[in-house]
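Inside the fold
If you want the building blocks of each chain, they are given just below.
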Amino acid sequence: MTTVVVVRKNGTVAIAADTLVTFGDTRLAHGYEANEKLFKVGDSWIGMAGTTAHFPVLRRALDSLPPGELRLHSRDQVFETFLKLHPKLKETFFLNTKEEDADPYESSQFTALIANHAGIFGVYSYREVFEFDRFWAVGTGRAFALGAMYAGFDKLKTARELAELGVRSGCEFDKNSSGPIHAHTIKLNVVKG
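A brief look at the structure comes next. (Residues numbered from 1 in each chain as written. Predicted model: local features only at pLDDT ≥ 70, side-chain atom pairs only at ≥ 80, totals over all residues. Heavy atoms only, no water.)

**Details of the packing of helix H3 (residues 142-152) against helix H4 (residues 159-173)**
Relative placement of two packed helices is described by the angle separating their axes and the distance separating the axes. Relative to each other, H3 and H4 sit at 140°, their axes nearing to 7 Å. It follows from the interaxial angle that H3 and H4 lie oblique. The way H3 lies across H4 gives a crossing that is right-handed. Contacts from Phe144, Ala145, Ala148, Met149 and Gly152 of H3 reach H4 at Leu162, Ala163, Leu165, Gly166, Ser169, Gly170 and Phe173. (Axes fitted to C-alpha atoms, helices over the stretch in contact; angles between N-to-C directions. Helix = DSSP H or I, 4+ residues; strand = E, 2+ residues; numbered from the N terminus. Parallel < 35°, antiparallel > 145°, perpendicular 65-115°, else oblique. Left-handed = near helix turned anticlockwise from the far one by under 90°. Contact = heavy atoms within 4.5 Å.)

And the structure:
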């Protein structure tokens, strides 16, 4: 249903996404609606994969957190923020948390990537949080994006070039991804590599 990527390279992070929305077999291309899969909350850019219903819900839920509770600058901060967010998603936005009977935890039903001056992070449905050193991708085009970014990592100079390469590859080979590509870059506070 999408291709969203984050990349960290040479003191910069980038996040990029395609702009196609699908309804089953029907495609709603960018020219018919402003399909923005990336949104800014505080000093972080967030991209999501999943049902389009998640986009306004997550944006509004994050914006409604009290000052000091929206913290997305480390793996632990992202976990704590999304842990606090989960009850709000259920109570205020009526999130259906059940996926399978044997699930170990309630699901938040979405996957998100976060880019900010502290790094690049991924949040999965059980609030698993990962901090990535180089790059990552989510959505139906992720395999194509990961392969392209792996192949181009030592050849391309900037995080943005790599992010755009990843999303372009998703758009080329994944039937549920299409351009134009939207991308944003942020300078890192500390360079890891």
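Once you've had a look at it, read on.
**Quick word on the sheet that holds strand E5 (residues 38-41)**
Taking strand neighbours across the sheet as the criterion, the five strands line up as E5-E6-E7-E8-E9 in an open arrangement whose pairing is antiparallel. A single partner strand is all that each edge strand has here, and the edge strands are E5 and strand E9 (129-132). The average angle at which neighbouring strand axes cross in this sheet is 25°, direction not considered. Those strands touched by helix H2 (residues 75-91) are strand E7 (111-116), strand E8 (119-123) and E9, and its axis lies near 150° from that of E9. (Pairing = 2+ DSSP bridges.)

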